[in-house]
Amino acid sequence: MTLLRRELGDVLRERRRAQGRTLREVSASASVSLGYLSEIERGEKEASSELLASICGALELPLSQVLSDVSSRMAESEGLAAAVPLPVPNEAVVSASAA
């Protein structure tokens, strides 16, 4: 069984590394201890919503994108296809009538 905190930690670590940033840099920017951030990234601790928002802010990532990435990974691990967003036209919905 895949744990949510593990997937979240993996996503945060991958994003941080992709930016070429160290744990120390992100922890200072997010105002979280280096050790605690490391535990979050390893999936050993669960971050509160406030702390998660602070970490995402430090990484300059929208929280919604991080959660979307985690959701996709969870769906994959559960053997489910990730949801595919469908385009929704900005125009008013046109209703058809039977002639």
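Overview of the structure. (Residues numbered from 1 in each chain as written. Predicted model: local features only at pLDDT ≥ 70, side-chain atom pairs only at ≥ 80, totals over all residues. Heavy atoms only, no water.)

The subject of this paragraph is the pattern of salt bridges. Enumeration according to the criterion identifies eight salt bridges in this entry. Between Arg13 and Asp10 there is a salt bridge, and its shortest N-O distance comes to 2.6 Å. Of the two residues, Arg13 and Asp10 both sit in helix H1 (residues 4–18), three residues apart, roughly one turn of that helix. Across the pair Glu44 and Arg42 runs a salt bridge, and its minimum N-O distance is 2.8 Å. Through salt bridges with shared partners, a single ionic network connects Glu7, Asp10, Arg13, Glu14 and Arg73. (Salt bridge = Lys/Arg side-chain N within 4 Å of Asp/Glu carboxyl O. Helix = DSSP H or I, 4+ residues; strand = E, 2+ residues; numbered from the N terminus.)

Here we come to H1. The terminal C-alpha atoms of H1 lie 21 Å apart, and with 15 residues this matches the ideal 21 Å at 1.5 Å per residue to within 8%. Inspection of H1 places Glu7, Leu8, Gly9, Val11, Leu12, Arg13 and Arg16 among the buried residues, and these make up the whole buried set. Where H1 is buried, its residues touch helix H2 (23–30), helix H3 (34–41), helix H4 (49–58) and helix H5 (63–77). Of the residues one or two after H1, Gly20 is the one with positive phi, at around 70°. (Expected span 1.5 Å × (residues − 1). Buried < 20%, exposed > 50% of the residue type's maximum accessible area, 1.4 Å probe, protein only. Contact = heavy atoms within 4.5 Å.)

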